[in-house]
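The chain contents come next:
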Amino acid sequence: MSSDWLLKGRSDEDYSTDETTSFEESEPPGQTIDSISRSLQRFDWPDYVVFVLMLLICIVIGIFFGYKDHQKHKHRRKQARRESEALDYLVGGRKMQIFPVSVSLVASWISGISLLGTSTEIYVYGTQYCYIVFAVIMMGFVMHHVFLPVFHELQITSAYEYLQRRFDHRMRLFGSILFTVACLLWMPIVIYVPALAFNQVTGMSIHIVTPIVCMICVFYTSIGGLKAVVWTDVIQSGVTLLALLAVLIKGTYDVGGPAEVVQRNIAGGRLEAPIFDPDPTLRHSVWIILLGAPVWFCYGVSCSQDMIQRFLALPTLQDARKALKGFVIGWIVVNVIFFLIGMLVYATYYRCDPLTTQLARAKDQLLPLFVMETFAAYPGMTGVFVAGIFSAALSSLSSALNALSAITLEDFFKPYCKKPLTEKQINYIMRGSVLVYGALSVLLSILVEHLGTVMQLTMTLSSASGAPLFGLFVMGILMPWVNGTGALYGGITGLLTMFYMCYNAQYSIAAGSRTFDTKPVSVAECGYEVRYNTSIHSIFMDADKLIEQEYPDSELEKMETSIYHISYMYFTLFGMSVTCVAGTVVSLLAKLCGRDRDQPIDPKLLAPCIRKKQSRDIPLTTRSAASNLK
């Protein structure tokens, strides 16, 4: 994308010799970026009251459910108390209600990453991402018919116990490790995003905010368990929705109404028809969204402990399916609001891009900046918005911490303990693991700010261990010919492949060799001094010219054909495919070499559609043996 029109004919040398430039429309000297930023950072006492109140409510809910469960188990026999306390802490006693679980599912998925990242995606790259709603509907269909029936019939606490029943104990440990790695890659981004927003509105350092957020989340999660997580999710979702609607309504009114928002987005090239180009290296297209995105969503919902844990907290399969429908509808509604806010932010800044002027120093600070300007005259409203971002982040973080607590107890300790764990040991493990994982997340969040936009970063890093993990469940539920040896080597192959791909993909972005076409922006009507520097200028230079300057022709040709240049939405599909193909090949080789004989598979471990086919294909004697395993 050429930037000559944007830079008003000035040469690169001009921008290297001075740091600021003024336009004819500029106001008198003194209206600089720094002075405007300081004037917008008005987080007054009403904002702090709203923000602190939200955190106190989370703490009170955690204490309430922790005390309630303690009283419930106080007078039970020791063994029964030990088992029921773990069950209540991890899956709410399997007696949760549909509505709070549905809301909690949406809240767990809709983190601050989605809140800030989606609006940034629309502003920078256009509305092609909006068609992802069709991918969520496809995921819901697959989850409804394939995965939910299997997990709910087995009544397991850890999703990875399935891998032991289907394959062997090695696969349970391997799957649990993959999920733990995926969470440890994802949680730092969840913590970083609200800290970024808080930094924009208050000026407080990101590295001060992140430990505070995490400590509060660790406290109420470790005290109250899944019930506290679910009910804080309900409260936090209400705060988040209130903040989003307030931003959308007030911002649209200020711009001049919905028609003006749409008109400016059309003029700026943001509002796009579906792109049917099959090129896999595009950022988004119809084919990428319909083929790659559903697989990523299926991984995120079907084999993530934090999501499955909620479905298993419901008493029946029918209730779980209703919660799934509520999740899909709720996700679509919330994301439509995100899409509209992204369009609104562009309509507001369509003639004065804050990224070019450095009023917003990071792409994901666009929405907080917009909120500060929109509600500058309304004390407390900025606090509601920041509380909404923190609510979304806390709900996702608490869900992940509770899931990791379940994994640690059920998969890392129980199978390897010769004696049953005592009540005190179970409590130490469940609550201590929450503290350890929370501390690790804070330490890793320091790296996030150097790794690109949060939306793409999340989907790329989660694919590193998520893709082979999803491949294990696909092989188990849909591919009865795969055995334990094949699943293990398939998972290892997929893991190594995906770490190589994800590392190269993120490195190429950080090094500037992998760029995406951004939509045009303007600074023609900024009422303040506009600062440029080389790094900001380079964002708007033509991507091909940048690459040609840094790389010779031979290396450029190699880069253009690199597999890790495919869209980030294809990463999970690619990794899952590698895992399944490798697992199938190894399984067949093991059978040909006589090292692995066919074993009867419990039909409950297979998807309903595969059960029917298996019942027609397998001999009667094997079918009887399989039925006896129930």
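The structure this text deals with has already been given above.
We now turn to the structure provided with this report. Quick caveat, the model's predicted, so the values are computed rather than measured.

### Notes on the overall build of the protein
Here's step 1: Along the backbone of the protein there are 27 helices and two strands.
Here's step 2: Put simply, of all contacts in the protein between residues at least 6 apart along the chain, 86% involve residues at least 24 apart.
Here's step 3: Summing over all exposed atoms, the protein offers an accessible surface of approximately 26,000 Å²; the carbon and sulfur share of this is 63%.

### Thoughts on helix 25 (residues 571-592)
Here's step 1: An ideal rise of 1.5 Å per residue puts 32 Å on 22 residues; helix 25 measures up with 32 Å between its terminal C-alpha atoms.
Here's step 2: Buried within helix 25 are the following residues: Phe571, Thr572, Gly575, Met576, Val578, Thr579, Cys580, Ala582, Gly583, Thr584, Ser587 and Ala590.
Here's step 3: Looking one or two residues beyond helix 25, the residue adopting positive phi is Gly594, at roughly 75 degrees.

### Brief notes about the packing of helix 8 (residues 133-154) against helix 13 (residues 286-302)
Here's step 1: Contact pair helix 8 / helix 13: the axes reach a minimum separation of 8 Å and the direction vectors enclose 40 degrees. The orientation of helix 8 with respect to helix 13, classified from their angle, is oblique. Classified by chirality, the crossing of helix 13 by helix 8 is right-handed. Where helix 8 approaches helix 13, its residues Phe134, Ala135, Val136, Met138, Met139, Val142, Met143, Phe147 and Phe151 are matched on the opposing element by Ile289, Leu290, Ala293, Pro294, Phe297, Cys298, Val301 and Ser302.
Here's step 2: Considered class by class, the residues forming the contact of helix 8 with helix 13 number 16 nonpolar, one polar and no charged.

### Description of the packing of aromatic side chains
The geometry of an aromatic ring pair is captured by the separation of the ring centres together with the interplanar angle, meaning the angle of the planes.
Here's step 1: Inspection of the entire model under this criterion finds 16 aromatic pairs.
Here's step 2: When the centroid spacing of 5.4 Å and the interplanar angle of 85 degrees are considered together, the rings of Phe297 and Trp331 count as edge-to-face. Linking Phe297 in helix 13 with Trp331 in helix 15 (residues 317-349), this pair joins segments that are 34 residues apart in sequence.
Here's step 3: Since its relative accessible area comes to 2%, Trp331 is described here as buried.
Here's step 4: Arranged with centres 6.2 Å apart and planes meeting at 85 degrees, the rings of Phe375 and Tyr378 form a pair that is edge-to-face.
Here's step 5: You can call Tyr378 partly exposed: its relative accessible area is 42%.
Here's step 6: Taken together, Trp109, Trp296, Phe297, Phe327 and Trp331 form an aromatic cluster joined through their ring pairs.

### Focus: the side chain of His284
Here's step 1: By the element assignment, His284 lies in the loop between helix 12 (258-267) and helix 13.
Here's step 2: Separated by 2.6 Å, the side chains of His284 and Tyr568 make a polar contact.
Here's step 3: Beyond its immediate chain neighbours, meaning those up to four positions away, His284 contacts Glu121, Gln128, Tyr129, Ile275, Tyr568 and Met569.

### Observations regarding a nonpolar patch on the surface
Here's step 1: Taken together, the side chains of Tyr48, Val52, Leu56, Met204, Ile208, Ile212 and Met215 present a nonpolar region at the surface, about 620 Å² in accessible area.
Here's step 2: If you list the elements that add at least two residues to the nonpolar patch, you get helix 4 (45-74) and helix 11 (206-255).
Here's step 3: Take Tyr48: it is sitting in helix 4.
Here's step 4: For Tyr48, a relative accessible area of 35% puts it in the partly exposed group.

So, how was this worked out
Residues numbered from 1 in each chain as written. Predicted model: local features only at pLDDT ≥ 70, side-chain atom pairs only at ≥ 80, totals over all residues. Heavy atoms only, no water. Helix = DSSP H or I, 4+ residues; strand = E, 2+ residues; numbered from the N terminus. Contact = heavy atoms within 4.5 Å. Areas by Shrake-Rupley, 256 points an atom, 1.4 Å probe, with all protein chains shown as cover. Expected span 1.5 Å × (residues − 1). Buried < 20%, exposed > 50% of the residue type's maximum accessible area, 1.4 Å probe, protein only. Axes fitted to C-alpha atoms, helices over the stretch in contact; angles between N-to-C directions. Parallel < 35°, antiparallel > 145°, perpendicular 65-115°, else oblique. Left-handed = near helix turned anticlockwise from the far one by under 90°. Nonpolar A, V, L, I, M, F, W, Y, C, P; charged D, E, K, R; others polar. Phe/Tyr/Trp six-rings, centres within 6.5 Å; stacked < 30°, edge-to-face > 60°. Polar contact = N/O pair within 3.5 Å; in protein donor to acceptor, adjacent residues only side chain to side chain. Patch = residues over 30% accessible without salt bridge, like charges linked within 9 Å, V, L, I, M, F, W, Y side chains within 5 Å. Salt bridge = Lys/Arg side-chain N within 4 Å of Asp/Glu carboxyl O.

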